[in-house]
Amino acid sequence: DIGLDDLAAAVNLSPFHFSRMFKQSFGMPPRAYLVRLRIERACELLETTDLPVTYIANEVGYSSNQVLARAFVKQKYVTPSEYRRAVRDPRRARVS
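Residues numbered from 1 in each chain as written. Predicted model: local features only at pLDDT ≥ 70, side-chain atom pairs only at ≥ 80, totals over all residues. Heavy atoms only, no water.

Looking at the environment of Met28
Take Met28: it is sitting in the loop between helix 2 (15-26) and helix 3 (30-48). According to the relative accessible area criterion, Met28 is buried, its value standing at 18%. Discounting residues that sit within four places of it in the chain, Met28 has contacts with Phe22, Lys23, Tyr33 and Arg36. (Helix = DSSP H or I, 4+ residues; strand = E, 2+ residues; numbered from the N terminus. Buried < 20%, exposed > 50% of the residue type's maximum accessible area, 1.4 Å probe, protein only. Contact = heavy atoms within 4.5 Å.)

Side note on the side chain of Arg84
On the secondary structure map, Arg84 appears in helix 6 (residues 80-88). The side chain of Arg84 sits in the buried core without any salt bridge; Asp50 is the nearest counter-charge, 5.4 Å away. Polar contacts involving the side chain of Arg84 include one to the main-chain carbonyl oxygen of Leu51, which spans 2.8 Å. In this structure, Arg84 is in contact with Leu45, Leu46, Thr49, Asp50, Leu51 and Ile56, ignoring residues within four places of it in sequence. (Lys, Arg positive; Asp, Glu negative; His and termini not counted. Salt bridge = Lys/Arg side-chain N within 4 Å of Asp/Glu carboxyl O. Polar contact = N/O pair within 3.5 Å; in protein donor to acceptor, adjacent residues only side chain to side chain.)

A look at the packing of aromatic side chains
Taken as a whole and judged by the stated rule, the model has five aromatic pairs. Taking 5.4 Å as the distance between ring centres and 70° as the angle between the ring planes, the aromatic pair formed by Phe22 and Tyr33 counts as edge-to-face. Placement of the pair is Phe22 in helix 2 and Tyr33 in helix 3, with a sequence separation of eleven residues. The class of Phe22 is buried, set by a relative accessible area of 14%. When the centroid spacing of 5.5 Å and the interplanar angle of 70° are considered together, the rings of Phe72 and Tyr83 count as edge-to-face. Residue Phe72 is found in helix 5 (residues 65-76), and its partner Tyr83 is found in helix 6; the two are separated by eleven residues along the sequence. Residue Phe72 is classed as buried on the basis of its relative accessible area, which comes to 0%. Look at Tyr83 and you get buried, because its relative accessible area is 15%. Taken together, the aromatic side chains of Phe18, Phe22, Phe26 and Tyr33 make up a single cluster linked through ring pairs. The side chain of Arg38 reaches across the aromatic face of Tyr62, ending 5.2 Å from its centre. (Phe/Tyr/Trp six-rings, centres within 6.5 Å; stacked < 30°, edge-to-face > 60°. Lys NZ or Arg CZ within 6 Å of the ring centre and 35° of its normal.)

This is the structure:
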């Protein structure tokens, strides 16, 4: 897991200043940006592989498939499994 202190130290800034500058540059805090990147990568893996959701969770940096599912639902409004089914067979997509 990448911490704010580690990121700030890598660019020789205080965590507060790094966070402020990051949000100014990217429009969101570092943690939210990291979650977005992880979910985007999970989507790619769900769309293009048959890997189990548990493996994908670990691959994108989550400790379990339940933790991935919570973050995924907040971003995409469906579970990872529902997302996979929807992209593979759009006729079965759940209307939200």
